[in-house]
Amino acid sequence: MIREAKECELNEILQLYLYLHETSIPDDTEHLRTVWSEIINDKHHHLIICEVDGKIVSSCVCVIIPNLTRDVRPYAFIENVVTHKEYRHCGYATGCLNYAKEIAKSENCYKIMLLTGAKNAETLDFYRKAGYNSTDKAAFIQWIDRK
């Protein structure tokens, strides 16, 4: 089942993020809970999950960004695409991306952008097969206090 995350699912999502690039789960602090509350209650922030047999196995974040160009149409931004190691190559991440695309369409977005830190051909091919290209724009990142 693909759907948006529920407030009670923070710990399971943090566990899944260990398969993204995290090396540990953040401490359960007031700051963490405040950020989680902001995310889960923000109408523009969609944390999409794929649940299999009651377990969250894949996820992505889709943020809808209001915009003053393109006839005042918003755009969508995708980040944190991740699938549990034991559930890869089953179409779960594709399902999450398709769900995000439907959100973007329903919000009248004119485009969806996706950034990935992956360099391996398999992951890049996955994004291409999902309909994304790396030729229309160049992405630049400036890290602030990178840890």
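Refer to the structure presented above.
Bear in mind the structure is a predicted one, so any value in this text is a computation, not a measurement.

A.B. asks: I tried to follow a nonpolar patch on the surface on my own but got confused; where do I start?
C.D. replies: There is a patch of nonpolar side chains on the surface, built from Leu18, Tyr19 and Ile25 and spanning about 210 Å² of accessible area. Among the structural elements, Ile25 can be located in the loop between α1 (10-16) and α2 (30-41). Ile25 gets classed as partly exposed once you look at its relative accessible area, which sits at 30%.

A.B. asks: I tried to follow helix α3 (residues 92-106) on my own but got confused; where do I start?
C.D. replies: Side chains of residues three or four places apart in an α-helix project in the same direction, reflecting 3.6 residues per turn. Taking 1.5 Å of rise per residue, the 15 residues of α3 would be expected to cover 21 Å, and the 21 Å separating its terminal C-alpha atoms lies within 8% of that figure. Looking only at α3, the buried set comprises Ala93, Gly95, Cys96, Leu97, Ala100, Ile103 and Ala104. Those residues of α3 hidden inside the fold are in contact with β1 (2-4), β2 (45-52), β3 (55-65), β4 (75-83), β5 (112-114) and α4 (121-129).

A.B. asks: What is the right way to read the sheet that holds β3 from this model?
C.D. replies: Within a sheet, each strand pairs with its neighbour through backbone hydrogen bonds, oriented either parallel or antiparallel. Ordered in space as β1-β2-β3-β4-β5, the five strands form an open sheet in which the pairing is mixed. Of all the strands in the sheet, just β1 and β5 have a single pairing partner and so form its edges. Neighbour-to-neighbour, the strand axes of the sheet open up by a mean angle of 30°, direction not taken into account. Bridging between β1 and β2 involves three bridges; their strand directions are antiparallel. Each residue of the ladder has a partner; that of Arg3, found in β2, is Ile49. Contacts from α3 reach β1, β2, β3, β4 and β5, with the element oriented near 30° to β3.

A.B. asks: What should I look at first to understand the side chain of Ser59 in this one?
C.D. replies: Mapped onto the fold, Ser59 is located in strand β3. For Ser59, a relative accessible area of 1% gives the class buried. A polar atom in the side chain of Ser59 sits 2.8 Å from the backbone oxygen of Ile48. With residues near it in sequence (within four places) discarded, Ser59 still touches Leu16, Leu47, Ile48, Ile49, Asn80, Val81, Val82 and Cys96.

A.B. asks: Help me out: how do you make sense of unusual backbone geometry in this one?
C.D. replies: Trans peptide bonds make up most of the peptide bonds, and negative phi angles are found at most residues other than glycine. Unlike most non-glycine residues, Asn80 shows phi in positive territory, near 55°. Examined against the element boundaries, Asn80 turns out to sit in strand β4. Looking at Asn80, the relative accessible area reads 23%, which means it is partly exposed. Even without a glycine there, the phi angle at Asn108 is positive, about 65°.

A.B. asks: Explanation requested: the nonpolar core in the structure shown.
C.D. replies: Soluble, globular proteins show a tendency: their nonpolar side chains are buried together. Counting 20 residues, the largest nonpolar core has Ile48, Cys60, Cys62, Ile78, Val81, Leu97 and Leu114 as the members making the most contacts within it. At six residues, the largest contribution of residues to this core is made by α3. Among all residues touching Val81, those that are not within four sequence positions of it are Leu20, Ser59, Cys60, Ala93, Leu97, Leu114 and Tyr127.

A.B. asks: What should I look at first to understand the environment of Leu114 in this one?
C.D. replies: Position of Leu114 relative to the elements: it lies in strand β5. Taking C-alpha positions, Leu114 is 17 Å from Tyr17, a pair spaced 97 residues apart along the chain.

A.B. asks: Help me understand the environment of Ile39, please; the structure alone is not making it clear to me.
C.D. replies: In this structure, Ile39 sits in helix α2. Between the C-alpha atom of Ile39 and that of Glu7, which follows or precedes it by 32 residues, the distance is 9.4 Å.

A.B. asks: Explanation requested: the pairing of β3 in the structure shown.
C.D. replies: Residues in a regular strand point their side chains to alternate faces of the sheet. Most of β3 sits inside the fold, with eight of its 11 residues counted as buried. With antiparallel pairing between neighbouring strands as the criterion, β2 and β3 make up a hairpin whose turn holds two residues, including Asp53 at a positive phi of roughly 50°. Looking at chain direction, β3 and β4 are connected through seven bridges and run antiparallel. Of the residues in β4, the one forming a bridge with Ser59 is Val82.

The rules we used
Residues numbered from 1 in each chain as written. Predicted model: local features only at pLDDT ≥ 70, side-chain atom pairs only at ≥ 80, totals over all residues. Heavy atoms only, no water. Patch = residues over 30% accessible without salt bridge, like charges linked within 9 Å, V, L, I, M, F, W, Y side chains within 5 Å. Areas by Shrake-Rupley, 256 points an atom, 1.4 Å probe, with all protein chains shown as cover. Salt bridge = Lys/Arg side-chain N within 4 Å of Asp/Glu carboxyl O. Helix = DSSP H or I, 4+ residues; strand = E, 2+ residues; numbered from the N terminus. Buried < 20%, exposed > 50% of the residue type's maximum accessible area, 1.4 Å probe, protein only. Expected span 1.5 Å × (residues − 1). Contact = heavy atoms within 4.5 Å. Pairing = 2+ DSSP bridges. Axes fitted to C-alpha atoms, helices over the stretch in contact; angles between N-to-C directions. Polar contact = N/O pair within 3.5 Å; in protein donor to acceptor, adjacent residues only side chain to side chain. Core = buried A, V, L, I, M, F, W, Y, C linked by side-chain atoms within 4.5 Å.

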